[in-house]
Amino acid sequence: MKVTKHKAPVQSEAVASAAGGSIASWMWLAGILTALLVALEIYWPSIRGPFVFDDDYLAFRDPGFLERGLLSLNPSVRPFLHLSYWLNLYFSGLEDTFSYHLWNVLLHVANSVLMFLAVDKLLQMVGEERGRSRVLAAFAAALFLVHPVHTEAVAYIAGRSESFSLLWFLSAYVLFLYKREEGIGWMAALATLVLFGAAFLSKEHTAVLPALFVLTDACFSKDGAVAGVRRNWRLYAPMVAIGTAGVALVARVLMQATTAGFKMKDLPWHDYFYTQWRAIWVYLKLTVLPVGLNADYFIPISRSPLDHGALFGLIGLLALAGAAFYYRRQFPLAFFGMLVFFLLLAPTSSVVPIKDPIAERRLYLPFLGLMLVVCDLMRRWKAPQTIQYTVMGVVLAALSILTYQRSDVWSDPMKLWADTVEKGPDNSRAQFQLAMVHYTRGECDVAVDRFALAERTSTKKDYSLYLDWGLAYDCQNQLAKAEEKFRQAAAIENTAHVRSLIGMSLARQNKPGAALEELKAAEALDAAYDMTYVYRGKVFLLMNELDRAEAEYKKALSVKPTSEAARQALNELSQRRGAAR
């Protein structure tokens, strides 16, 4: 599978060095500074955007995460990634999201620089002249920097898993590219392994890096694939042992996770695989024509190869791969790029089920392969340089505008979910998220209507939907309707949370006896749920039994010392007693 290397004008290292010299340093500085300014400009609308969607479920949002220090980092769940969040939390808290977003932007800029280094080296490996390779590599890096499909990975705080893992992934790959030809030494091998470990401990999909090393050696070794692998044995030998441990860890996670892996009840691996035959075409379309970007794609699952035209998607992918293979000698880097694209996309677009079949941020890692395809096509373009540079500039400017606009959408949850609902009115989850935004802003009448839309578009009964719908009715003081929705939620999943809400709703309807019965049931379900005691204290308060109310609030603090609701209730009780005196 050796890639043909085309001849290019010879230029010695000495000449190249003399031509660059100190100017190269200035160009590096100017390029990085320009990339930083451009990135800040296009992502500035979302630089102070609030936590949205899965941001609220990240580990650093848990009470006590900061106080526990490094003990908060679960070694089996992306500890490097969560260390970065811990640092944000330490310096900025939860009130100001600026540092969280700034980290994401800086990581994106750093990845653009690494993208330049990788593409430049690969272009030279297929024989491209150094000056031209740098121009094309700079264009590829700029495309990566300003492409709107990456907005989710950059503007979305939870999207940092992509940029942070890619930082270590590309660092390891660049080191490998620049050291592999002569046989990687022990120190370089050790550094590469450390960087690979950091990538894997940031996100598991980077486990494909060793395969990328082998693929690179197989395609670009002058004396054959086997000789290339043998030459870099210092890297591959320890990587086999590390890779075995990594595979075991990934397998363990996949067998335990509820939103990804083989434990998902409603999404078997073969249905997910069929669906990805269609999903990959969405990724390719978004790369070429980045319009219709969506925070939550509503894509029906293909339950068979013929369902929703999945088979036609597979035929198209096979035809694309066949064309790349057929023209591999004329377009060696494009062929390698397609292999890289499919390899790096494989962890999320093959047989391992993930709750969301499509997510734009999953293009962040495999984008390297697509940029190699672009560069191979560009290097064959025979138009005058003026025209080429003009086209490059126009493309980059247009993409920058689109990214700025998309960043603005991510700056506000209302804009984000209104945009998502507009593009997918039948998307129940998007309707639910938009309802929640209205609810949190006190627009409870609108929230109630949105929850109704979410129910009508849902294919199954959802516990959270009915629970939050009940809260919206409670906000409107429609207590009977709130109780009805809480009971519908309890019928789906009988938890202490919802039973305690039923109890509080009954209390507000002046039914203290029934309320206490529900709260007793809630305590039986989960004695460690603090709000059960807070609500029971409020019931006793309504009954004017202040001592019993105080005892319940204190019990809430005993099971959860950080309970703000219990502390506030005790303060209010103290003020009430003071006023009575």
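Note that the structure is a prediction, hence the values are computed from the model and not measured.

Q: How would you sum up the overall build of the protein? Please name residues and give values.
A: Check the secondary structure of the protein and you find 25 helices and zero strands. Long-range pairs, those at least 24 residues apart, make up 71% of the contacts in the protein with a sequence separation of at least 6. Entry remark: accessible area of the protein is about 27,100 Å², with carbon and sulfur atoms responsible for 63%. When the 59 basic and 52 acidic side-chain charges of the protein are each reduced to a single mean position, those positions are 7 Å apart.

Q: Residues and numbers for the pattern of salt bridges, please.
A: Under the definition given, this model contains 27 salt bridges. Put simply, Asp 96 and Arg 48 hold a salt bridge, and the shortest N to O gap is 3.0 Å. Of the two residues, Asp 96 is situated in the loop between helix 2 (79-92) and helix 3 (98-125) and Arg 48 in the loop between helix 1 (13-43) and helix 2; the sequence distance between them amounts to 48 residues. Here the salt bridges do not stand alone but share partners, grouping Glu 128, Asp 376, Arg 379 and Arg 380 into one network.

Q: Residues and numbers for the packing of helix 16 (residues 413-423) against helix 17 (residues 428-440), please.
A: Relative to each other, helix 16 and helix 17 sit at 150 degrees, their axes nearing to 9 Å. Judged by the inter-axis angle, helix 16 sits roughly antiparallel to helix 17. Both helix 16 and helix 17 take part in a crossing whose hand is left-handed. Contacts from Pro 413, Met 414, Trp 417, Ala 418, Thr 420 and Val 421 of helix 16 reach helix 17 at Ala 430, Gln 431, Gln 433, Leu 434, Val 437 and His 438. The residue inventory of the contact of helix 16 with helix 17, partitioned by class, reads eight nonpolar, four polar and no charged.

Q: So what's going on with the nonpolar core? Which residues, and what values?
A: With 116 residues, the main nonpolar core has Val 119, Leu 122, Phe 169, Tyr 173, Phe 213 and Phe 336 as its most contacted residues. Ranked by residue count, the leading element in this core is helix 3, at 12 residues. What Phe 336 contacts, discounting residues up to four positions off in sequence, is Leu 122, Tyr 173, Leu 212, Leu 215, Thr 216, Cys 219, Phe 220 and Leu 372. Judged by nonpolar contacts, the second largest core, of 46 residues, contains Leu 467, Ala 507, Leu 519 and Ala 522.

Q: Which residues make up the packing of aromatic side chains, and what values go with them?
A: With the rule as written, the count across this model stands at 27 aromatic pairs. Their ring planes at 80 degrees and their centres at 4.9 Å tell us that Phe 53 and Trp 417 sit as a pair that is edge-to-face. Separated by 364 residues along the polypeptide, Phe 53 in the loop between helix 1 and helix 2 and Trp 417 in helix 16 bring together distant segments of the chain. The exposure class assigned to Phe 53 is buried, which follows from its relative accessible area of 13%.

Q: So what about the state of the cysteines? Which residues, and what values?
A: Should the sulfur atoms of two cysteines be covalently bonded, the bond is a disulfide. Under the criterion given, the structure shown has one disulfide. Across the disulfide from Cys 444 sits Cys 475; the S-S distance is 1.8 Å. Between Cys 444 and Cys 475 the sulfur-sulfur dihedral comes to about 75 degrees; the bridge is accordingly right-handed. Remark: Cys 475 occurs in helix 19 (residues 463-475) and Cys 444 occurs in helix 18 (residues 444-457); sequence separation between them is 31 residues. With no disulfide partner, Cys 219 has as its closest neighbouring cysteine sulfur the one in Cys 375, 17 Å distant. You can call Cys 219 buried: its relative accessible area is 0%.

Q: Can you break down unusual backbone geometry residue by residue, with the values?
A: For Arg 78, which is not glycine, the phi dihedral falls at a positive 50 degrees. By secondary structure assignment, the location of Arg 78 is in the loop between helix 1 and helix 2. Although it is not a glycine, Asn 477 sits at a positive phi angle of roughly 70 degrees. Looking at the secondary structure, you find Asn 477 in the loop between helix 19 and helix 20 (479-492).

Q: Just give me the short version of helix 18, but keep the residues and values in it.
A: With 14 residues, helix 18 should cover 20 Å at 1.5 Å per step; its first-to-last C-alpha distance of 20 Å lies within 8% of that length. Within helix 18, the full set of buried residues consists of Cys 444, Ala 447, Val 448, Phe 451, Ala 452 and Ala 454. In a view along the axis of helix 18, the buried residues occupy a sector of 160 degrees, so they form one face of it. Summarising the geometry of helix 18, the exposed residues directed more than 90 degrees from the buried face are Asp 449 and Arg 456. Against helix 17 and helix 19 lie the buried residues of helix 18.

Q: I'd like a rundown of a nonpolar patch on the surface, residues and numbers included.
A: Together, Leu 306, Leu 311, Phe 312 and Ile 315 make up a nonpolar patch on the protein surface, roughly 440 Å² of accessible area in all. Of note, Leu 306 is situated in the loop between helix 11 (269-288) and helix 12 (310-326). Owing to a relative accessible area of 66%, Leu 306 belongs among the exposed residues under this scheme.

Q: Describe the packing of helix 22 (residues 512-525) against helix 23 (residues 530-542), with residues and values.
A: Closest axis-to-axis distance for the helix 22/helix 23 pair is 10 Å, and the angle between their directions is 165 degrees. By the angle between their axes, helix 22 is roughly antiparallel relative to helix 23. Handedness of the crossing formed by helix 22 with helix 23: left-handed. Facing Pro 512, Ala 515, Leu 516, Leu 519, Lys 520, Ala 522 and Glu 523 of helix 22, the residues of helix 23 in contact are Thr 532, Tyr 533, Tyr 535, Arg 536, Val 539 and Phe 540.

Q: Go over the confidence of the model for the protein with me, naming the residues and quoting the values.
A: Taken as a whole, the protein shows an average pLDDT of 90; of its residues, 92% reach a score of 70 or greater. Ignoring residues within four places in sequence, the model shows residues 6-22, a span with pLDDT below 50, making 16 contacts including any to other chains.

Q: Describe the environment of Ser 92, and please don't skip the residues or the numbers.
A: Secondary-structure assignment places Ser 92 in helix 2. Considering only alpha carbons, one finds Ser 92 and Ala 24, 68 residues apart in sequence, at a separation of 37 Å. Dropping the residues within four chain positions of it, Ser 92 is found in contact with Ser 99 and Tyr 100. A polar contact is formed between the side chain of Ser 92 and the side chain of Ser 99, at a distance of 2.6 Å.

Q: Mind laying out the environment of Thr 216, listing which residues take part and the relevant values?
A: For Thr 216, the position within the fold is in helix 8 (residues 209-220). Classification of Thr 216 by relative accessible area gives buried; the value is 0%. Separated by 43 residues in the primary sequence, Thr 216 and Tyr 173 place their C-alpha atoms 9.9 Å from one another. Those residues within four positions of Thr 216 in sequence are excluded, and the remaining contacts are Met 125, Tyr 173, Phe 176, Leu 177, Arg 180, Ser 221 and Phe 336.

Rules and cut-offs
- Residues numbered from 1 in each chain as written.
- Predicted model: local features only at pLDDT ≥ 70, side-chain atom pairs only at ≥ 80, totals over all residues.
- Heavy atoms only, no water.
- Helix = DSSP H or I, 4+ residues; strand = E, 2+ residues; numbered from the N terminus.
- Contact = heavy atoms within 4.5 Å.
- Areas by Shrake-Rupley, 256 points an atom, 1.4 Å probe, with all protein chains shown as cover.
- Lys, Arg positive; Asp, Glu negative; His and termini not counted.
- Charge placed at Lys NZ, Arg CZ, Asp CG, Glu CD.
- Salt bridge = Lys/Arg side-chain N within 4 Å of Asp/Glu carboxyl O.
- Axes fitted to C-alpha atoms, helices over the stretch in contact; angles between N-to-C directions.
- Parallel < 35°, antiparallel > 145°, perpendicular 65-115°, else oblique.
- Left-handed = near helix turned anticlockwise from the far one by under 90°.
- Nonpolar A, V, L, I, M, F, W, Y, C, P; charged D, E, K, R; others polar.
- Core = buried A, V, L, I, M, F, W, Y, C linked by side-chain atoms within 4.5 Å.
- Buried < 20%, exposed > 50% of the residue type's maximum accessible area, 1.4 Å probe, protein only.
- Phe/Tyr/Trp six-rings, centres within 6.5 Å; stacked < 30°, edge-to-face > 60°.
- Disulfide = S-S within 2.5 Å.
- Expected span 1.5 Å × (residues − 1).
- Arc of directions from axis to C-beta.
- Patch = residues over 30% accessible without salt bridge, like charges linked within 9 Å, V, L, I, M, F, W, Y side chains within 5 Å.
- pLDDT = per-residue confidence, 0-100.
- Polar contact = N/O pair within 3.5 Å; in protein donor to acceptor, adjacent residues only side chain to side chain.

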